[in-house]
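# Structural features, examined
If you want the building blocks of each chain, they are given just below.
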Amino acid sequence: MLIVETVARIRREFFVKGKSIKEIVRDLGVSRNTVRKVLRTGETSFAYERTVQPLPKLGPWSGDLERLLDTNERKARRERLTLVRIFEELQGLGYRGGYDAVRRYASAWQRERSAVAAAAFVPLSFDPGEAYQFDWSHEVVLLAGVTTMVKVAHMRLCHSRAFYVRAYPRESQEMVFDAHDRAFAFFGGACQRGIYDNMKTAVDAIFIGRERQYNRRFLQMCGHYLVDPVACTPASGWEKGQVENQVGLVRERFFTPRLRFKSYDEMNAWLVDRCIAHAKRAAHPELKDRTIWDVFETTERPALIAYRGPFDGFHALPASVSKTLLVRFDYNKYSVHAKAAGRPVDVHAYADRIVIRQDGEIVGEHARRFGREQVIYDPWHYVPVLARKPGALRNGAPFKDWALPPSIERVRRRLGSHGDSDRQMVGILAAVNSDGIDAVEAACAEALAGGPISRDVVLNILTRQRQPPPPLTITTPDALRLRHEPQADCARYDSLRSSYGTA
């Protein structure tokens, strides 16, 4: 093979120094044909490229080898054979060549297959209301003065390119349910298909091709909104390329520079405003004379499946109740009603609240906390326990800084001078279960206006309130009034007696 330096020297010797071909051959030790080839073609470099690769032993078996490689590629990853095993199977068919030839052929086959798949893409087009794409991203914000990594749910309508984003502390299943409900309420409806990656909150198992075993609760949500879920091929982000691009756009336009908010509610309200503002300002990538918002309002919104109302999107877990009426969930503890003590409960975790049920009845409900080792009390859960231990009202942890209604709090302070003030106050609080907080507060206000305060006074007022009111006096209409009102005359009865006696 001619090297570049030899080609350059031949050209200089002939064109610059004026030497003949015979002299160049003698000086450089190359053939006449080589010198003539350089001078006639005018090329500055020559490379030998083999057009046909000879396969003296593997050639007759190349078709069988490609069949084995293709069959192996279609299997699940954990079931695929190694190249050594494929070589052994080829030997079983009669191949007598070496392993290196098989390895080189398989490498070239894999490169060619990968190049074709990687270089070619089919542009996608979606009808109005046909599909949406869903994904998550992680963003950094300053939340209540603390640098926080938030999880942002992205939903994008494939036809109009309108999108909705919302931030959450987690990517758990209840957050997925809440994000879908809020997005569908924002758009005014849902699409026929939802395109997802293989997130664990939706997919339990991945099979060959597009076969998936979806999570039962996720399928319930899709059934509620009448959506057909479609999962992408693993590691094939281009199948939901619109929402993948949206992640970068939102990060650049919304979360740069770093945002500062007091709470998630404030941040999410701001994000909704930005989604609308961007849709009204940005041009549609295909219909460039119209904005995204215009295409959404006129074309896609009428084609959406009507919003079905909120899905009961909770993540259920069994739990036990401690002797202090606490249930542990997600590194925190929540109180339950005293009647739930000693028996298992079900924790229904929503995106913003925790509902605890026992035998289908709610025994506790709290706003959800996302910190760690926090204890969330509802003092009313412990009031039945105070009937046996009234002294706990003074130092019990659930009753620290208990904000009672104003009249009940005033009665509590007035009872502080009594020796059995805790017992009397427990008796008043226990009446809330039967009469309600409003009735007890009204009775306390009436007792405060009347003079001396005690449990018996408040309970007596409540008893009077429970008594039925006196019957109303009915006014007789004029049309039913008697013209001659009867007069009481006992002599008329004497006449009746006398007439019957005569008979």
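Scroll up to find the structure this text is about.
Nothing here was measured: the structure is a model prediction, and the numbers come from that model.

### Describing the packing of helix α1 (residues 4-15) against helix α3 (residues 32-41)
Contact geometry of α1 with α3 gives a least axis separation of 10 Å together with a crossing angle of 80°. When the axis of α1 is compared with that of α3, the two are roughly perpendicular. Contacts from V7, I10, R11, F14 and F15 of α1 reach α3 at V35, V38 and L39. Considered class by class, the residues forming the contact of α1 with α3 number seven nonpolar, no polar and one charged.

### Focus on the packing of aromatic side chains
Counted according to the given criterion, the structure contains 24 aromatic pairs. Taken together, a centroid distance of 6.3 Å and an interplanar angle of 80° make the contact between F87 and Y95 edge-to-face. Take F87: its relative accessible area is 11%, and that puts it in the buried class. Of the residues examined, Y95 reaches a relative accessible area of 1% and is grouped as buried. Consider the rings of Y377 and Y382, whose centres lie 5.9 Å apart with planes at 70°: the pair is edge-to-face. Y377 sits in the partly exposed class, given a relative accessible area of 32%. Through a chain of ring-to-ring contacts, three or more aromatic side chains come together here, namely Y132, F134, W136, Y168, F184, Y196, Y214, F218, Y225 and Y307. In this structure, K280 packs its charged tip against the face of W293, placed 5.4 Å from the ring centre. Over the ring of Y350 we find R353, and its NZ or CZ is 3.8 Å from the ring centre.

Rules used throughout
- Residues numbered from 1 in each chain as written.
- Predicted model: local features only at pLDDT ≥ 70, side-chain atom pairs only at ≥ 80, totals over all residues.
- Heavy atoms only, no water.
- Axes fitted to C-alpha atoms, helices over the stretch in contact; angles between N-to-C directions.
- Helix = DSSP H or I, 4+ residues; strand = E, 2+ residues; numbered from the N terminus.
- Parallel < 35°, antiparallel > 145°, perpendicular 65-115°, else oblique.
- Contact = heavy atoms within 4.5 Å.
- Nonpolar A, V, L, I, M, F, W, Y, C, P; charged D, E, K, R; others polar.
- Phe/Tyr/Trp six-rings, centres within 6.5 Å; stacked < 30°, edge-to-face > 60°.
- Buried < 20%, exposed > 50% of the residue type's maximum accessible area, 1.4 Å probe, protein only.
- Lys NZ or Arg CZ within 6 Å of the ring centre and 35° of its normal.

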